[in-house]
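# Understanding the architecture of this molecule
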Amino acid sequence: MGIDEYGGGQAPHAGVLVVTTNDVPGHRVQQVIGEVFGLTVRSRHLGSQIGAGLKSMLGGELKGLTKTLVETRNQAMERLVEQAQARGANAVLAMRFDVTEAADVGTEVCAYGTAVVLAPA
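So, a few notes on the structure that sits alongside this text. Bear in mind that the values here come from a model prediction, so they are computed numbers and not experimental data.

## Describing the overall build of the protein
Each helix and strand counted, the protein has three helices and four strands in total. For the protein, the N- to C-terminal ordering of α and β elements is α-β-β-α-α-β-β. For the protein, the proportion of its 121 residues judged to be buried stands at 30%. Intrachain contacts of the protein at a sequence separation of at least 6 include 77% that bridge at least 24 residues.

Here's what the structure looks like:
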């Protein structure tokens, strides 16, 4: 797998700065808009479950599942950014991911944070 297949994060020119910190050096929070989130639920298909089961007996990385989780997190992140833009934010502070099982049929991934308008300090 190449770096693009197992890495993630924000696109270089997304228009909304997303950080895991509570502030951004050199900037001040001009307006707090509120919580925003991006959510997606992905089901697992039988082939990946069988492959993962076999791989878990032999050991090693479950590359197919890794790739799926990266794609899922990136989709949740894109939806987070879309929500922030739609509400007039130019940044999201304190971004986090939450991952849970959804009724034993898939994985729910939620990216969430606080939408704000930042201005240079």
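## Focus: the sheet that holds strand β4 (residues 106-120)
Taken in spatial order, the four strands make up an open sheet running β1-β3-β4-β2, and their pairing is mixed. Single-partner strands in this sheet number two, and they are β1 (17-18) and β2 (27-43). Where β1 meets strand β3 (residues 91-102), two bridges bridge the pair, whose relative direction is parallel. Paired with L17 across the two strands is A91, which belongs to β3. Set on the sheet, helix α3 (residues 63-86) makes contact with β1, β2, β3 and β4; between it and β2 the angle comes to about 140 degrees.

## What about the packing of aromatic side chains?
Scanning all chains against the criterion turns up zero aromatic pairs. One Lys or Arg, R73, reaches over the ring of F97 and ends 4.5 Å from the middle of that ring.

## As for the pairing of β4
Summarising burial for β4: eleven of the 15 residues are buried, a large majority. By the bridge criterion, ten bridges tie β3 to β4 in an arrangement that is antiparallel. Bridge assignment links E101 to a residue of β4, and that residue is T107. Following β3, the chain reverses through three residues before pairing antiparallel with β4; A103 in that reversal takes a positive phi of roughly 50 degrees.

The rules we used
- Residues numbered from 1 in each chain as written.
- Predicted model: local features only at pLDDT ≥ 70, side-chain atom pairs only at ≥ 80, totals over all residues.
- Heavy atoms only, no water.
- Helix = DSSP H or I, 4+ residues; strand = E, 2+ residues; numbered from the N terminus.
- Buried < 20%, exposed > 50% of the residue type's maximum accessible area, 1.4 Å probe, protein only.
- Contact = heavy atoms within 4.5 Å.
- Pairing = 2+ DSSP bridges.
- Axes fitted to C-alpha atoms, helices over the stretch in contact; angles between N-to-C directions.
- Phe/Tyr/Trp six-rings, centres within 6.5 Å; stacked < 30°, edge-to-face > 60°.
- Lys NZ or Arg CZ within 6 Å of the ring centre and 35° of its normal.

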